[in-house]
Amino acid sequence: GLVLVAIESILSRQLVSNTEKLSEPECKLIAARMQKILLRQPQAGAIMREERNALLTNLAQIDDIRQLTSSGTNYDVEAKDNPTQFPVEKVLGGVAWHFMRDQALSEIDRYCSRALQELNSPSSKRLRIPEPRSPIAQMLVPVFAGAPDRFDANEVSNRIILCAISIRGYRLQHGALPKSLDNLGIEPRLLIDPCTGEKLIYRPAGSDYLLYSVGPDGKDGGGVPADSSQTPIVGDLGIQPFRKPSNQNRAGRWYRRVPHMRPPVLSPNAPTLKE
């Protein structure tokens, strides 16, 4: 599922940069195709259930610590030269390993069950789930901790791109911007902001418009883009990410004006914003 998110984010770059070059028939064709794809995509909950089941099944079949870490052989080699050093499989082998494994299985199952329950709520209303205490579970759980936010951010981007293409087609056909996203003929569930459970924000403004999600903090910032490199993300999300300069104040690929959003808030000594 995370690989799918990465691939979609890469492919969407060209679509975003060429949206305002599309003809009316192209907009209708692409919007219809996107709707079919997005409606058929597996949801985050289904992907996480599969990942949880695979993780628990594989972990339950591990009977030896050496199957989980590659350091067992190294410890054996070192133990021959140093009799006071015990091989890791002796320290964590037998009953001790089985106890740790079973504890990790129980904690991972409880953690994932709670995480799946929280997925039923918009991201801004989800509760933070305490991470497990056992070292084995702590090593395996992080992928589940960050996955929902990545799925939501990708879903937000996909839905905003779909709306932008449909708005482009509507304007070419009617000579004016739609008054509401409801006028675009998009499946209603694809107009919902995953961060709030309510509609994406759309505000016509002269010849342009604002189109954004309020982001995982659940607060409407008026369309000012969040810095997506920060954790947690505070601010609104648009058709593409925005990231402030890093690495000695050098501007990267995503340091540019986000279409259909307000200018970002920059420090006085920040580099000039790209268009």
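In this numbering scheme, every chain counts its residues from 1 along its sequence in written order. Reporting in this predicted model follows two pLDDT cut-offs: at least 70 for local features of residues, and 80 or more for side-chain atom pairs to be given and counted; totals over whole chains, interfaces and linings ignore these cut-offs and use all residues. As a rule here, side-chain values cover all heavy atoms of the structure and leave hydrogens and water aside.

A. Molecular detail of the confidence of the model for the protein. For the protein, per-residue confidence averages 83 on the pLDDT scale, and 87% of positions sit at 70 or higher. Predictor confidence is given residue by residue as pLDDT, running from a minimum of 0 to a maximum of 100. Each helix corresponds to a stretch of at least 4 residues labelled H or I by DSSP, and each strand to a stretch of at least 2 residues labelled E; elements are numbered beginning at the N terminus. Per-element confidence in the protein ranges from a low mean pLDDT of 39 for helix H4 (residues 71-81) to a high of 96 for strand E2 (residues 208-212). Contacts: residue pairs with any heavy atoms within 4.5 Å of one another. With pLDDT under 50 throughout, residues 70-89 is counted as low confidence; its partners more than four residues away or in other chains account for 18 contacts.

B. Spotlight on the nonpolar core. Among buried residues, the Ala, Val, Leu, Ile, Met, Phe, Trp, Tyr and Cys ones that are joined through side-chain atoms within 4.5 Å form a nonpolar core. Only protein chains enter the calculation, and the probe is 1.4 Å; a residue is then buried if its accessible area is under 20% of its type maximum, exposed if over 50%, and partly exposed in between. Formed by 36 residues in total, the largest nonpolar core has its most connected members in Ile167, Leu181 and Leu211. Elements represented by at least two residues in this core include exactly helix H2 (24-40), helix H8 (142-174), strand E1 (201-205) and E2. When residues of this core are assigned to their parent elements, the largest contribution, eight residues, is made by H8. The contacts of leucine 211, once residues within four sequence positions are left out, are Ile160, Cys163, Ala164, Ile167, Leu181, Ile201, Tyr202, Gly238, His260 and Met261. Judged by nonpolar contacts, the second largest core, of 25 residues, contains Ala44, Met48, Ala104 and Ile129.

C. Fine view of the side chain of asparagine 158. Summarising the element assignment, asparagine 158 is placed in helix H8. Here asparagine 158 falls in the buried class, since its relative accessible area comes to 6%.

D. Quick peek at a nonpolar patch on the surface. Note on patches: the residues involved have over 30% relative accessible area and no salt bridge, like charges join within 9 Å, and the nonpolar side chains Val, Leu, Ile, Met, Phe, Trp and Tyr join within 5 Å. Surface accessibility follows the Shrake-Rupley procedure with a 1.4 Å probe radius. Residue values consider only the protein chains on display as shielding. When a carboxyl oxygen of Asp or Glu lies within 4 Å of a side-chain nitrogen of Lys or Arg, that pair is called a salt bridge. A surface patch of nonpolar side chains, amounting to about 310 Å² of accessible area, comprises Val3, Ile7 and Leu11. For valine 3, a relative accessible area of 60% corresponds to the exposed category.

E. Highlighting the packing of aromatic side chains. Note on aromatic contacts: the rings of Phe and Tyr and the six-membered ring of Trp form a pair at centre separations within 6.5 Å, being stacked when their planes are under 30 degrees apart, edge-to-face when over 60 apart, and tilted otherwise. This structure, assessed with the given rule, holds two aromatic pairs. An angle of 55° between the planes, with centres 5.7 Å apart, marks the rings of tyrosine 202 and tyrosine 209 as tilted. What makes tyrosine 209 buried here is its relative accessible area of 2%. Note on phenylalanine 242 and tyrosine 255: the rings are 5.9 Å apart at their centroids and 35° apart in plane angle, and the pair reads as tilted. Of this pair, phenylalanine 242 sits in the segment after E2 while tyrosine 255 sits in the segment after E2, and the two are 13 residues apart along the sequence.

F. Spotlight on the pattern of salt bridges. Evaluation of the coordinates by the stated rule reveals eight salt bridges. Across the pair glutamate 20 and arginine 168 runs a salt bridge, and its minimum N-O distance is 3.7 Å. One end of the pair, glutamate 20, is in the loop between helix H1 (2-18) and H2; the other, arginine 168, is in helix H8, and 148 residues separate them in sequence. Assessed through its relative accessible area of 40%, glutamate 20 is described here as partly exposed. Judged by relative accessible area, which is 19%, arginine 168 ranks as buried.

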